Amino acid sequence: MKRFAVAFTGPSNSGKTTLIVKIAEKLILNHEVAIVKHDPKDKARFDTEGKDSYKFTQTGAHTVVVSDNKTTYFSPKSKTIDEIVDMVKDFDYLLVEGLKTLPLPRIAIFREKIDESYLPYSEAIAIDESVDISAYEIPDRISVLDLNDTDAIIAWIEKNAKQI
């Protein structure tokens, strides 16, 4: 089985999650898709206080919640990308949000302005019409993608994603 991975990065509120959702919705029609989101500030909340799964996760134990529609795994420890890949196993495309230093082909997303500190970690940038690209010197090795052209971004992913 060929499995491909690509990462997305960019400043807060640049549209990373929105883009990943759009890409996943298209890819999922013909492929198995897995998504990993980095939560560097530990702000994500997965359950409601007082519920059983919340109480279980608060113990610090590895917790698995199974329903008819999904299985959610809570871990009290950070997992490496290799450990996550081993856990998920069944996917054609792995879309990673964040984890800037992870060695994956990376698309940086920008609106309004480009934060050039992301360029050393990126193989492509996705921008919309709010960015004046002529104001920047983008290295030739970096592809410039239209943030609103999901099909073109998927084509870039199919060509450049890392086989894992």
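Residues numbered from 1 in each chain as written. Predicted model: local features only at pLDDT ≥ 70, side-chain atom pairs only at ≥ 80, totals over all residues. Heavy atoms only, no water.

Draft legend 1. View of the environment of Lys113. Note on placement: Lys113 falls in the loop between strand 6 (106-110) and strand 7 (124-127). For the pair Lys113 and Ser130, spaced 17 residues apart in sequence, the C-alpha separation works out to 7.6 Å. (Helix = DSSP H or I, 4+ residues; strand = E, 2+ residues; numbered from the N terminus.)

Draft legend 2. Seen up close, the packing of aromatic side chains. All told, the structure shown has two aromatic pairs when counted by the stated rule. Ring centres of Phe110 and Tyr118 lie 5.8 Å apart, and the angle between their planes is 75 degrees; this geometry places the pair in the edge-to-face category. Its relative accessible area of 0% is what places Phe110 among the buried residues. (Phe/Tyr/Trp six-rings, centres within 6.5 Å; stacked < 30°, edge-to-face > 60°. Buried < 20%, exposed > 50% of the residue type's maximum accessible area, 1.4 Å probe, protein only.)

Draft legend 3. Structural context of the pairing of strand 7. Judged by which residues are buried, strand 7 turns out to be covered on both faces: Ala124 and Ala126 on one side and Ile125 and Ile127 on the other are all buried. Taken together, the four bridges between strand 6 and strand 7 define a ladder with parallel strand orientation. Pairing of Ile107 across the sheet is with Ala124, part of strand 7. Where strand 7 lies against strand 8 (residues 143-146), four bridges are found, and the strand directions are parallel. Note on strand 8: the bridge partner recorded for Ile125 is Val144. (Pairing = 2+ DSSP bridges.)

Draft legend 4. Inspection of helix 4 (residues 150-160) at higher detail. Among all positions of helix 4, only Thr150, Ile153, Ile154, Trp156 and Ile157 are buried. The arc that holds every buried residue of helix 4, seen down its axis, measures 155 degrees, which confines them to one face. The elements touched by buried residues of helix 4 are strand 1 (4-9), helix 1 (16-27), strand 5 (93-97), strand 6, strand 7 and strand 8. (Arc of directions from axis to C-beta. Contact = heavy atoms within 4.5 Å.)

Draft legend 5. A look at the pattern of salt bridges. Across all of its chains, the model carries two salt bridges by this definition. For Lys26, the salt bridge identified is with Asp151, shortest N-O distance 2.7 Å. Note that Lys26 is positioned in helix 1 and Asp151 in helix 4, a separation of 125 residues in sequence. Among the salt bridges present, the one from Asp128 reaches Arg111, with a minimum N-O distance of 2.7 Å. You can see Asp128 sitting in the loop between strand 7 and strand 8 and its partner Arg111 sitting in the loop between strand 6 and strand 7, a full 17 residues away along the chain. In this structure Asp128 comes out as buried when scored by relative accessible area, which is 10%. (Salt bridge = Lys/Arg side-chain N within 4 Å of Asp/Glu carboxyl O.)

Draft legend 6. A look at the nonpolar core. Counting 21 residues, the largest nonpolar core has Phe8, Ile23, Leu95, Ile107, Ile153 and Ile157 as the members making the most contacts within it. Among the secondary structure elements, those contributing two or more residues to this core are strand 1, helix 1, strand 5, strand 6, strand 7 and helix 4. With five residues, helix 1 is the single largest residue contributor to this core. Not counting the four nearest positions on each side in its chain, Ile153 is found in contact with Leu19, Ile23, Ile107, Ala126, Leu145, Asp146 and Leu147. Formed by 12 residues, the second largest nonpolar core is a distinct cluster that contains Ala7, Ala34, Val36 and Leu102. (Core = buried A, V, L, I, M, F, W, Y, C linked by side-chain atoms within 4.5 Å.)

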